[in-house]
Amino acid sequence: MFEEYADVLTAEEACEALRIGYNALYELLNSGKLKGFRNGRVWRIPKQALQEYILRSIGAKE
């Protein structure tokens, strides 16, 4: 899953991967539903965090 992306994604890449808008992404990040970290003013999202979020969202066991 997400093999074409680097291990750490920008907000733009995460939006593209999840097919959601920026506002939805920032809401997920700020609520803690999607794990990420800030480097100054820029969000970085680990690819593993995207995979975990999707699995949690569909109720799959990891």
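Refer to the preceding data block for the structure.
First things first, this report covers the structure right here in the doc. Note that the structure is a prediction, hence the values are computed from the model and not measured.

### Some details on the environment of Tyr5
Next up, step 1: Tracing the chain through its elements places Tyr5 in the segment before strand 1 (8-10).
Next up, step 2: Given the relative accessible area of 12%, Tyr5 is considered buried.
Next up, step 3: Sequence separation between Tyr5 and Glu16 is 11 residues, and the spatial gap between their C-alpha atoms is 10 Å.
Next up, step 4: Residues within four places of Tyr5 in sequence aside, it is in contact with Glu13, Glu16, Ala17 and Lys47.

### Some remarks on helix 1 (residues 11-18)
Next up, step 1: Taken together, the buried positions of helix 1 are occupied by Ala11, Ala14, Cys15, Ala17 and Leu18. Summarising the axial view, the buried residues of helix 1 lie within an arc of 165°, below the 170-degree limit, and thus occupy one face. When the buried face of helix 1 is taken as reference, the exposed residues oriented beyond 90 degrees from it are Glu12 and Glu16.
Next up, step 2: Buried-residue contacts for helix 1 involve strand 1, helix 2 (22-31), strand 3 (42-46) and helix 3 (47-58).
Next up, step 3: Residue Arg19 follows helix 1 closely and has a positive phi angle near 55°.

### Remarks on the nonpolar core
Next up, step 1: Counting residues in hydrophobic clusters, the biggest one holds 16 residues, and the most contacted among them are Ala17, Leu25, Leu29, Leu34, Ile45 and Leu50.
Next up, step 2: The set of elements that each furnish at least two residues to this core consists of helix 1, helix 2, strand 3 and helix 3.
Next up, step 3: When near neighbours in sequence (up to four residues on either side) are disregarded, Leu34 contacts Leu18, Leu25, Leu28, Leu29, Ile45, Ala49, Leu50 and Tyr53.

### Regarding the side chain of Lys47
Next up, step 1: Position of Lys47 relative to the elements: it lies in helix 3.
Next up, step 2: Since its relative accessible area comes to 14%, Lys47 is described here as buried.
Next up, step 3: Beyond its immediate stretch of four places on either side in the chain, Lys47 contacts Met1, Phe2, Glu3, Tyr5, Ala6, Asp7 and Leu9.

Analysis parameters
- Residues numbered from 1 in each chain as written.
- Predicted model: local features only at pLDDT ≥ 70, side-chain atom pairs only at ≥ 80, totals over all residues.
- Heavy atoms only, no water.
- Helix = DSSP H or I, 4+ residues; strand = E, 2+ residues; numbered from the N terminus.
- Buried < 20%, exposed > 50% of the residue type's maximum accessible area, 1.4 Å probe, protein only.
- Contact = heavy atoms within 4.5 Å.
- Arc of directions from axis to C-beta.
- Core = buried A, V, L, I, M, F, W, Y, C linked by side-chain atoms within 4.5 Å.

Fair warning: the whole summary comes from geometry, so function is off the table for now.
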